[in-house]
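Geometric and topological summary
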Amino acid sequence: MLDSVVAAETPEGILLELRPAGLSARFCAFAIDWLIRIAILWVAMFIFGLLGGAGIGLWLVLLFVLDWFYPVYFELGRKGATPGKRALDLKVVMDNGLPITPAASITRNLLRVADLMPAGFGAAVFCMLVRPDGKRLGDLAAGTLVVHQPRPAPKATLEMVAPIAPARALSPRDQAAVISLAARAPSLTIERLDELAALARSVQGDEARGSSEVTRRVLGVAQWLLGRRS
Amino acid sequence: MTPLQFEQSYQAEWDELAAQLRLILEGRKNQSGSFEPIRGERVAALYRRACEHLALARARAYPRYLIDKLDRITAEAHQVIYHQRDFGAQRLLHAILYDFPRAVRAHAGYVWLSAVLLYVPMFLIGWLVYERPDLILSVVDSDTVANMEMSYSDAAEALGSTRGPHENWYMFGFYILNNIGISFQCFAGGLVAGIGSIVALLINGAAIGAVAGYLTERGYSTNFYSFVVTHGAFELTAIVLSGATGLRIGHALIAPGRNTRLQSLVTACRECMPIIYGFVIMLVIAAAIEAFWSSARWLPLPLKYTVAALCWLAVMLYLTLQGRRAR
């Protein structure tokens, strides 16, 4: 399968699947964060404007803090993502899937300056397009990864199909294929489902039936493999 | 065991883990009604069980939705359990008191090189401009020169004599934004094989030198040096240190040794981190001194020069002596 999944092993010995975020998702997240920062600065301008010269000084300090430490603050928080990234279900983690450390967060955000070069985040865009894991220079140096948060997969119920015993012994691989077809059934069109089920027609024993009946029986085999018996 | 039996047997455990994780992530304030305690040991045990279940489900090629469900819950628990929360005051204090000066000494070669790259053009251009003041226009533009000349002259408009507390705060913000930005650029410039850092150091050195040489030649030396010498202890040293971090990561990229370039870069960044914490704090101190102390022209000159000498001494001693003994 063409996939950009990065596997990270945990101390418990399981592999976590990390799905690196690409350029478009990260650009949208960046744009949202940028707008939020502009909005904060705009509001602050009015408030600090009342204080005169000292207010402008404080505003400049705020500009500095927002510029460099806005992402650091949110990345080190519980959600591990800035509001923009959260809106797109993105998250910053270490290469090994662990939560981001303070040093790594600061590194990747300070090095945004290098990503800006030569103009308009040129280095970052180039780097993200070239690398399958979509890292920019700051991510490379800090050893971090921006990943999609896993989304809950829809559970295939299909309880209305009666279970049917498979017509022949199925290898674990074949069983998995039949079950995953059943799990995908709700997201497929009827025609496509029939086409795919036709490929597995040998598991349901009765070759002579019409295509919709074959589909129903293949899904029945899937129910049987899942463990339903009645 | 069929997938359905598997799911039925362990669903309760997964639900319990998910509930505990929600409790930890969202806090008790979002809990409505019933008060449920967070039980850390139970979470760890449930997490290990869920890891086993995930490995089993994968090995037995259970349906995708089941593996996905376990994958999500273990990933979430993994994030919660391994989250580092120990960057409190104690850790920060240790970083400033021990890690920072030690890291500076560990990178002494880069620090010296960075100092040479900053100070040599500074003195060279300073001397040249002192000899031929018209040369300043090839380093700094004429508006800046006029501005500088006005700031340090004895006229009423001059810096500090009429500046109230508001202007001090304004300048504080300006210095923070400007100077720390420059230092971060010195660091990040290291990613371009160190060239960015070298260029930033040379340019800043030349600009400071040119202004100093010009103002000395014009006879404003007392005003100028009494202004810059105190915060210079922190500011110039911080720029040197930021340049050193840039040179370090540049060197790590050019000559990675037995590591890959990427590993070498990651290691270099990690080792430079204490220096970065250090120079940011130094620049904040510098900005505060520059805005509130340096500009106070009513202070007697001997006092200003004494404080300046003490500051330089303190910075140098801190970087060379502090934290030598392991603790």
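Everything quoted here is computed from the prediction, not taken from an experiment. (Residues numbered from 1 in each chain as written. Chains lettered and ligands numbered in written order. Predicted model: local features only at pLDDT ≥ 70, side-chain atom pairs only at ≥ 80, totals over all residues.)

On to the overall build of chain B, then. Secondary structure assignment for chain B yields 11 helices and 0 strands. The helix and strand sequence of chain B, counted from the amino end, reads α-α-α-α-α-α-α-α-α-α-α. Out of the 327 residues in chain B, the part that is buried amounts to 41%. Put simply, 79% of the contacts in chain B that link residues at least 6 apart link residues at least 24 apart. (Helix = DSSP H or I, 4+ residues; strand = E, 2+ residues; numbered from the N terminus. Buried ≥ 20, exposed ≤ 12 C-beta atoms within 10 Å, placed from the backbone. Contact = placed C-beta atoms within 7 Å.)

Turning our attention to helix α10 (residues 261-292) of chain B. Between its terminal C-alpha atoms α10 of chain B stretches 45 Å, which fits the 46 Å expected from 32 residues at 1.5 Å a residue. Its maximal kink placed at methionine 273 of chain B, α10 of chain B deviates by approximately 40 degrees, while the proline proline 274 of chain B follows within four residues. (Expected span 1.5 Å × (residues − 1). Bend = angle between axes of the 7 residues up to and from the residue.)

Once that is clear, we can look at the interface of chain A and chain B. Opposite the 51 residues of chain A that make contact, chain B presents 49 residues. Elements supplying a minimum of two residues to the side of chain A that touches chain B: β2 (15-20), α2 (53-75), α4 (102-110), α5 (112-116), α7 (137-142) and α8 (172-184) of chain A. For the side of chain A that touches chain B, the leading source of residues is α2 of chain A, giving 11 residues.

Residues and elements named next belong to chain B. Running from amino to carboxyl end, helix α1 (residues 3-26) crosses helix α3 (residues 64-81) at an angle of 30 degrees, the nearest separation of the two axes being 10 Å. The orientation of α1 with respect to α3, classified from their angle, is roughly parallel. Between α1 and α3 lies a crossing whose hand is left-handed. Along its contact with α1, which presents Pro3, Glu7, Trp14, Leu17, Ala18, Leu21, Ile24 and Leu25, the element α3 presents Leu66, Ile73, Glu76, Ala77 and Val80. Residues of the contact of α1 with α3, tallied by class, amount to 11 nonpolar, no polar and 2 charged. (Axes fitted to C-alpha atoms, helices over the stretch in contact; angles between N-to-C directions. Parallel < 35°, antiparallel > 145°, perpendicular 65-115°, else oblique. Left-handed = near helix turned anticlockwise from the far one by under 90°. Nonpolar A, V, L, I, M, F, W, Y, C, P; charged D, E, K, R; others polar.)

To continue, consider the sheet that holds strand β1 (residues 6-9) of chain A. Residue and element names in this part refer to chain A. The strand order β1-β2-β4-β3 describes an open sheet built from 4 strands, whose pairing is antiparallel. Edge positions in the sheet fall to β1 and β3 (90-94), since each has one partner strand and no second. Taken pair by pair, the neighbouring strands of this sheet meet at an average axis angle of 50 degrees, ignoring direction. Judged from the 2 bridges that link them, β2 and strand β4 (residues 144-148) form a sheet pairing that is antiparallel. What sits directly across from arginine 19, in β4, is histidine 148. (Pairing = 2+ DSSP bridges.)

So far we have only geometry, and geometry alone does not tell us how the molecule works.
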